Amino acid sequence: MTATAAAVLMQRLGLTEDELCAALGADPLSLIAGDLDDKPQLPILLTLTEEAAERVHPDALRRWLRVSGPQGRPLDHLLARDYAGFEDALATLADRGFVITGGGGPRPGA
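Thresholds, definitions, all that
- Residues numbered from 1 in each chain as written.
- Predicted model: local features only at pLDDT ≥ 70, side-chain atom pairs only at ≥ 80, totals over all residues.
- Heavy atoms only, no water.
- Helix = DSSP H or I, 4+ residues; strand = E, 2+ residues; numbered from the N terminus.
- Buried < 20%, exposed > 50% of the residue type's maximum accessible area, 1.4 Å probe, protein only.
- Contact = heavy atoms within 4.5 Å.
- Areas by Shrake-Rupley, 256 points an atom, 1.4 Å probe, with all protein chains shown as cover.
- Expected span 1.5 Å × (residues − 1).
- Arc of directions from axis to C-beta.

Caption draft 1: Molecular detail of the overall build of the chain. Summing up its helical and strand segments, the chain has seven helices and zero strands in all. Starting at the N terminus and ending at the C terminus, the chain contains elements arranged as α-α-α-α-α-α-α. Going through the 110 residues of the chain one by one, you find that 39% of them count as buried. For the chain, contacts bridging at least 24 residues in sequence account for 64% of all contacts bridging at least 6. Accessible area for the chain stands at about 6,100 Å²; split by element, carbon and sulfur atoms hold 54% of it.

Caption draft 2: Main features of the environment of Leu42. Checked against the element boundaries, Leu42 lands in helix H4 (residues 41–55). Residues Leu42 and Ala23, 19 residues apart in the sequence, show an inter-C-alpha distance of 9.1 Å.

Caption draft 3: Summary view of helix H2 (residues 17–24). Looking only at H2, the buried set comprises Glu19, Leu20, Cys21, Ala23 and Leu24. Where H2 is buried, its residues contact helix H1 (3–13), helix H3 (28–33), H4, helix H5 (58–66), helix H6 (74–79) and helix H7 (83–96). Gly25 sits one or two residues past H2 and shows a positive phi near 65°.

Caption draft 4: Broad picture of H7. Relative to the 20 Å expected for 14 residues at 1.5 Å per residue, H7 spans 20 Å between its end C-alpha atoms, a close match to the ideal helical length. Taken together, the buried positions of H7 are Gly85, Phe86, Ala89, Leu90, Thr92 and Leu93. Summarising the axial view, the buried residues of H7 lie within an arc of 155°, below the 170-degree limit, and thus occupy one face. In the core, the buried residues of H7 are packed alongside H1, H4, H5 and H6. One or two residues past the end of H7 sits Gly97, with phi positive at roughly 90°.

Caption draft 5: Quick look at the side chain of Thr92. Within the fold, Thr92 resides in helix H7. Judged by relative accessible area, which is 10%, Thr92 ranks as buried. Not counting chain neighbours up to four residues away, the residues in contact with Thr92 comprise Pro70, Gln71 and Gly97.

See the structure below:
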């Protein structure tokens, strides 16, 4: 994968360089050099977010990443490299749209 692919993900989700590095488990030099062949999560994240990017306005997708939804903040899943949790949040976005919850904790009855 190239630095361009990382830049696409960064721009698509509105990530900072530090957030992108944390999400991929990459150091800044590897990111700049495009030395990301050992990061299989990058093409997976690009694929997972592509549909959302086509269905949701870019600004809404970037906002969605940073607000608490039914599964918590999607950004927190990325930073923890909890890709399954991030994928679940994307599935909720696809199924229910942009859903924001109160304090980010468990919902009553959930």
